[in-house]
Amino acid sequence: MIRAALALATARAAAPLDAATTKRLDHLHDLLHQAHTKPLPTWTVSHEDADAIDWAPLANGSAKAVATGEWRGTRVVRKRVACADPIKTLARTHKRRAHPLPLMEKHFAEAVGELYFMEHLRGRPGIPILRGAWYTREGLEYVVDDAGPPLLMTGIHKKVARNIARRRPLRLARALLECFRSFSEVGGYFLDDLTWRQFSLR
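What you see is a predicted model, and the numbers here were worked out from it, not measured in a lab. (Residues numbered from 1 in each chain as written. Predicted model: local features only at pLDDT ≥ 70, side-chain atom pairs only at ≥ 80, totals over all residues. Heavy atoms only, no water.)

Caption draft 1: Quick peek at the packing of helix H3 (residues 86–93) against helix H4 (residues 103–120). For the pair H3 and H4, interaxial distance at closest approach is 10 Å and the crossing angle is 80°. Here H3 lies roughly perpendicular to H4, going by the angle between them. On H4, the residues touching Pro86, Thr89, Leu90, Arg92 and Thr93 of H3 are Glu105, Phe108, Ala109 and Val112. The residue makeup of the contact of H3 with H4, split by class, is five nonpolar, two polar and two charged. (Axes fitted to C-alpha atoms, helices over the stretch in contact; angles between N-to-C directions. Helix = DSSP H or I, 4+ residues; strand = E, 2+ residues; numbered from the N terminus. Parallel < 35°, antiparallel > 145°, perpendicular 65-115°, else oblique. Contact = heavy atoms within 4.5 Å. Nonpolar A, V, L, I, M, F, W, Y, C, P; charged D, E, K, R; others polar.)

In structure tokens, the structure reads:
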């Protein structure tokens with residue numbers, strides 16, 4: 001699974017977008033710009049659903065506060081990104097700037113890019129399922145499927161990955177290539193933080 005927060009305000013494809021994908025991205029654009037508050041039909045977790053989940057903190061860095069939980073038998077992750085004025089920040093990302101965005105606004109723009117990334121490539125190999133997104137008083141919040149531990153994590157997960165590599169090396173290589181095909185060949189994205197931590201094993 002690719003764990004990529006790409007700083008993109010819009011989803012750009014290497015190949016032409018089909019009508020269904022275009023419609024979803026337009027819907028997401030309107031939702032993020034508050035043209036309406038109707039969630040995408042592909043989303044299955046609402047703000048109210050997320051509030052009812054028993055979350056356990058996973059990470060709390062400068063970019064996001066991340067927690068993990070379970071929703072209807074599926075492991076999910078909630079990400080929260082602080083932003084004082086999301087709509088104004090989105091408007092600023094569309095303009096050419098002489099100076100970089102402030103750090104908080106930069107993290108927000110990256111999170112928005114991640115939403116477009118996941119919705120654009122929904123259903124493709126290596127792309128976590130976006131379950132829902134909404135604004136809160138603090139900024140942006142969204143829920144995605146838990147992609148699992150990083151591929152080369154230490155301990156038992158590292159042992160599992162090594163066993164798979166020994167027993168099914170071609171299958172593992174094919175899975176990795178399918179991930180690259182999803183975000184690069186099909187999606188037209190460039191992963192600028194390529195490390196083993198960006199891949200996980202389920």
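Caption draft 2: Structural detail: H4. In this model, H4 (18 residues) spans 26 Å end to end at C-alpha, consistent with the 26 Å of a helix rising 1.5 Å per residue. The element H4 is extensively covered by neighbouring structure, given that 15 of its 18 residues are classed as buried. (Expected span 1.5 Å × (residues − 1). Buried < 20%, exposed > 50% of the residue type's maximum accessible area, 1.4 Å probe, protein only.)

Caption draft 3: The arrangement of the confidence of the model for the chain in detail. For the chain, per-residue confidence averages 81 on the pLDDT scale, and 78% of positions sit at 70 or higher. Across residues 1–13 the pLDDT falls below 50, and counting only partners more than four positions away or on other chains, this stretch makes 58 contacts in the model. (pLDDT = per-residue confidence, 0-100.)

Caption draft 4: Spotlight on the sheet that holds strand E2 (residues 65–71). Here we have five strands laid out as an open sheet, ordered E1-E2-E3-E5-E4, and antiparallel in their pairing. Each edge of the sheet is formed by a strand with only one pairing partner; in this case those strands are strand E1 (56–60) and strand E4 (130–135). Averaged over all adjacent pairs, the angle separating strand axes in this sheet is 20°, with direction ignored. Sheet topology note: the E1/E2 ladder contains four bridges and is antiparallel. (Pairing = 2+ DSSP bridges.)

Caption draft 5: Just the pairing of E2, in detail. In terms of residue burial, E2 counts as a mostly covered element, since five of its seven residues are buried. Counted along the chain from E1 to the antiparallel partner E2, the turn is four residues long. By the bridge criterion, seven bridges tie E2 to strand E3 (residues 74–82) in an arrangement that is antiparallel. Within the sheet, the bridge partner assigned to Thr68 lies in E3 and is Val77. Hairpin connection of E2 to E3: two residues between the antiparallel strands, including Arg72 at a positive phi of 50°.

Caption draft 6: Up close: the nonpolar core. Grouped together as the largest cluster of nonpolar side chains are 28 residues, with contacts concentrated most on Leu32, Phe108, Leu115, Met118, Leu140 and Tyr142. Secondary structure elements with two or more residues in this core: helix H1 (19–32), E3, H4, E4, strand E5 (139–145) and helix H6 (169–186). If you tally residues by element for this core, the top one is H4, at seven residues. Discounting chain neighbours no more than four positions away, the residues touching Leu115 are Leu28, Leu32, Leu130, Ala133, Leu140 and Tyr142. By size, the runner-up hydrophobic cluster in this structure holds nine residues, among which are Ala50, Trp71, Val76 and Val143. (Core = buried A, V, L, I, M, F, W, Y, C linked by side-chain atoms within 4.5 Å.)

Caption draft 7: Summary view of the pattern of salt bridges. All chains considered together, the criterion is met by nine salt bridges. Glu141 is the partner of Arg80 in a salt bridge, and the nearest nitrogen-oxygen pair spans 2.7 Å. Here Arg80, found in strand E3, pairs with Glu141, found in strand E5; they are 61 residues apart in sequence, far enough to count as distant. Accessibility expressed as a relative area gives 38% for Arg80, which makes it partly exposed. Taking the shortest distance from any N to any O, the salt bridge between Glu119 and Arg122 comes out at 2.8 Å. The class of Arg122 is partly exposed, set by a relative accessible area of 23%. Overlapping salt bridges, with partners in common, bring together Arg24, Glu119 and Arg122 in one network. (Salt bridge = Lys/Arg side-chain N within 4 Å of Asp/Glu carboxyl O.)

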